[in-house]
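If you want the building blocks of each chain, they are given just below.
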Amino acid sequence: MATVLFACPMDADRRAVLASRAKGAFDALILEDLPVDRRDEAWSQADVLVCTGFGAEIPEDLAGRAPRLKMIQALVAGVDHLPYDAIPRSVLVCGNAGAYNTSVAEHAMALLLAAAKDVPRLTDDIRRGIFDQGVMNRSLAGSTVVVAGMGGIGVEVARLCKAFRATVVGLSRSGATVPPADEGASLDDLVRVAPRADVLVIALPLTKETEGCVDRTVLGAMKPDAILVNIARGKIVAEDDLYDHLKSHSTFRAALDVWWTYPRGKSGRPFHRPFHELPNVVMTPHIAFAIPAQKARAMEAALENVGRFLRGTRPRNVVDATEYQAEARGASAI
Ligand SMILES: NC(=O)c1ccc[n+]([C@@H]2O[C@H](COP(=O)([O-])OP(=O)(O)OC[C@H]3O[C@@H](n4cnc5c(N)ncnc54)[C@H](OP(=O)(O)O)[C@@H]3O)[C@@H](O)[C@H]2O)c1
């Protein structure tokens, strides 16, 4: 039977899913449960590695340490952080796209509506004794929302925006209309569709192609009072360009869950420019995924994919490393 090594932190939710899935399907080894002197042996037995990919979960000497390894299954949807140089060409890498649709799409809507209705600023006003009923806010009904990236999260955002009676333009690789969007376009069309957008929601992976694709040209083409929502990865937006745009366009709003740099620990700022001084930004600390059901859901989806691989069925979300790294190997197929 195949051995699946779990190098990620294993809390009660992840363990419960593992317990229900492993029986008869594979032998599970949980790295954190093993004494340090048994860990080399565990790596040498691993056919599949389940991990988040953060920190030292994928060691630099992976090839020598895990000679039997055939698959790495990430628990997270975005795989831009994986150390592709350390991963042998023969190892299939799979992301966990699609496992975060509900939590992250809900959060995108929370950010969007908070920005459209000015909730943080007005809360602050009331705290300071200001009760101004003369302010206006924006409506999603009748607006145009451009969703960049019509995958799991993007499609769910589009569905929720349609429920708010917005028109949705979905940007995909092909440019085809992906339901439930009303129209389709490709990412190359972003500057062309930007002037129509009351809202731009970014739901793309961070790849060589998408990095910095929302830049001063795109921002400059948008309506002066549009709203940018980013729940995907910070670096898809050019940081300096967004800061300068927000500074010079007081009616433009950005609603951000994801950032350009990440403080170690629980204090610090996740940007290089002083976004915290701007009144037209709504911010959360990369917690779109953080709903109680998410860890179990992500482990379920990951183990379902591992099961597909072990049964000889092509797994989902096979990563093409060349999208992330200049000289990376192409992903191998089973
Ligand atoms: N804030 C959070 O807590 C959080 C949580 C989970 C995920 N995320 C981020 O959200 C991203 C999306 O997650 P997901 O589960 O929705 O992934 P997904 O299902 O793979 O969706 C991404 C979509 O973007 C499309 N795409 C990729 N490159 C493109 C390009 N150059 N032009 C146009 N479309 C392109 C993909 O098309 P193909 O299918 O053709 O590749 C796919 O349809 C993740 O990569 C991650 O970075 C954030």
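Residues numbered from 1 in each chain as written. Predicted model: local features only at pLDDT ≥ 70, side-chain atom pairs only at ≥ 80, totals over all residues. Heavy atoms only, no water.

1. Some words on helix H10 (residues 294-310)
- With 17 residues, H10 ought to run about 24 Å at 1.5 Å a step, and its terminal C-alpha atoms sit 24 Å apart, in line with that.
- Looking at the buried residues of H10, the elements they touch are strand E1 (3-6), helix H1 (12-22), strand E3 (48-51), strand E4 (71-74), strand E5 (92-94) and helix H4 (101-116).
- Phi turns positive, to about 85 degrees, at Gly 312, one or two residues after H10. (Helix = DSSP H or I, 4+ residues; strand = E, 2+ residues; numbered from the N terminus. Expected span 1.5 Å × (residues − 1). Contact = heavy atoms within 4.5 Å.)

2. Remarks on the sheet that holds strand E2 (residues 27-30)
- Across the sheet, 5 strands lie side by side as E2-E1-E3-E4-E5; this open sheet has parallel pairing. Every other strand in the sheet has two partners, leaving E2 and E5 as the edge strands with one partner each. Across this sheet, the average inter-strand angle for adjacent strands is 20 degrees, counted without regard to direction.
- Pairing of E1 with E2 involves 4 bridges; the strand directions are parallel. (Pairing = 2+ DSSP bridges. Axes fitted to C-alpha atoms, helices over the stretch in contact; angles between N-to-C directions.)

3. What to know about the packing of aromatic side chains
- Overall, the coordinates contain 7 aromatic pairs when judged by the stated rule.
- On the basis of an interplanar angle of 35 degrees and a centroid distance of 6.4 Å, the ring pair of Phe 6 and Phe 26 is categorised as tilted. Taken together, the residues span a long stretch of sequence, with Phe 6 in strand E1 and Phe 26 in the loop between H1 and E2 at a distance of 20 residues. Phe 26 carries the same exposure label as Phe 6, and that label is buried. (Phe/Tyr/Trp six-rings, centres within 6.5 Å; stacked < 30°, edge-to-face > 60°. Buried < 20%, exposed > 50% of the residue type's maximum accessible area, 1.4 Å probe, protein only.)

The values are spatial; any link to function lies outside them.
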